[in-house]
Amino acid sequence: MTASKFFLCAILLFFAAGLSAEEASDKDLPGLWGLRLVAFGQNFPAYPSSSNQNLTILPIPYPVYRGKILRFGEDLEDIAEGKILDAKRVHISMGLSASFPESSDKLSGREGMPDLGFLIEAGPKVDLYLSGDPDDEQELSLSLQLRGAVSLDGLNATGRGFVFSPELEYLTRGVFKSETELRFRIAPTWATSNYTDFFYGVDPEFATPSRPSFDAESGYLNTEFLVGLNRKITDRLEFRGSIRLWVNKGSANSASPLYQRDYDRGIRLALFWTAWESKRRIATKD
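Described in the following lines is the structure provided in the data block. Numbers given for residues are sequential positions, taken from 1 along each chain in its written order. Restriction of local features to residues with pLDDT of at least 70 applies here, the model being predicted, together with a cutoff of 80 or more for giving and counting side-chain atom pairs; totals for whole chains, interfaces and linings are based on all residues. Side-chain measures were taken over the full set of non-hydrogen atoms in the model, leaving aside hydrogen atoms and water.

### A few points about the environment of Lys232
Formally: Put simply, DSSP H or I for four residues or longer makes a helix, DSSP E for two residues or longer makes a strand, and each gets a number counted from the N terminus.
As for its placement among the helices and strands, Lys232 is situated in strand β10 (residues 219-232). With 39 residues separating them along the chain, Lys232 and Leu271 place their C-alpha atoms 9.9 Å apart.

### Overview of helix α2 (residues 193-200)
Let me state the cut-off plainly: Per-residue accessibility, obtained with a 1.4 Å probe over protein chains only, is compared with the maximum for each type, and a residue is labelled buried under 20%, exposed over 50%, and partly exposed between these values. Each direction from the helix axis to a C-beta atom contributes to the arc, which is the arc of those directions. Any two residues whose heavy atoms approach within 4.5 Å are treated as being in contact.
Tyr195, Thr196, Phe198, Phe199 and Tyr200 are the residues of α2 that are buried. End-on, the buried residues of α2 take up no more than an arc of 165 degrees, which puts them together on one face. Close packing links the buried residues of α2 with β6 (118-131), β7 (138-153), β8 (156-173), β9 (180-191) and β10.

### Brief notes about a negative patch on the surface
The following threshold applies: Within the patch definition used here, like charges are joined within 9 Å and nonpolar side chains (Val, Leu, Ile, Met, Phe, Trp, Tyr) within 5 Å, considering only residues with over 30% relative accessible area and no salt bridge. Surface accessibility follows the Shrake-Rupley procedure with a 1.4 Å probe radius. Residue values consider only the protein chains on display as shielding. Note on definitions: salt bridges are taken to be side-chain nitrogens of Lys or Arg within 4 Å of carboxyl oxygens of Asp or Glu. His residues and chain termini do not enter the charge count, which takes Lys and Arg as positive and Asp and Glu as negative. Charge coordinates come from a single atom per side chain, which is NZ of Lys, CZ of Arg, CG of Asp or CD of Glu.
Taken together, the side chains of Asp105, Glu111, Asp115 and Asp153 define an acidic patch exposed on the protein surface. Positionally, Asp115 belongs in the loop between β5 (90-99) and β6.

### A word on the packing of aromatic side chains
Formally: Only Phe, Tyr and Trp rings are paired, with Trp represented by its six-membered ring, and only when their centres lie within 6.5 Å; those with planes under 30 degrees apart are stacked, over 60 edge-to-face, the remainder tilted.
A full pass over the atoms with the stated rule returns 14 aromatic pairs. Ring plane angle 25 degrees and centroid distance 6.5 Å describe the contact between Tyr170 and Phe184, whose orientation is recorded as stacked. Highlighted residues: Tyr170 in strand β8 and Phe184 in strand β9, separated in sequence by 14 residues. A relative accessible area of 31% places Tyr170 in the partly exposed class. Among the aromatic residues, those joined into a cluster by ring pairs are Tyr47, Tyr195, Phe198, Phe199, Tyr200 and Tyr259.

Spelled out as structure tokens, the structure:
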């Protein structure tokens, strides 16, 4: 299935399900524990500036926990979140995210090089609500994220330095008079040399006439522009989708032979179906 056909099918399913949407009861709070089944798909570049687009479609069982301090399974971008401070205008937490591994033999320019392993990022995040808050219909926030990265090759873990990304996001709820959220995000990213070397470094033993050795530098990586839509279709079914553009132009490592293009594009779509929730509900806010 091509990316365009996948995207079209998901959009048609979204609107068809929306015609028979059931309004969720405001009296019911989510369960403390839950189990979701996720039909997940994305078409992303293999790595920042890569000329290879990878289409991934997976059905995933997704356990959910919504504790006062620890939460996981509520978002595909952040696997887990640990709350440190949850005030009206400031939210401080520890986040955990991950990205899929890539086989270098399937990537143009990286043939014969080590694979890009499973990459895990974790670190603190500070959310500043500049206008509105999570209980308002409209919200403007600035998130400051600093995360350390580790790549996994089987059971072997390698430190990959740090990445810093401030995110400016506008979110509006109740779009089209329904349980729909629309968000816009701008997020520039800077990284240390260990992090950028993971994508752009070429050790001397892997150098070729068309791929000279290269030592990656710390600095600017890229800027992400995102448009996302979340819609609660029924009490148990939710749609989430996003379209993204990454601007790599001006990257500190644009001279690398593995840097291939100035702009990347991506689509991520998912349907979440809640198969089970615990009778114990989450605690309400004070």
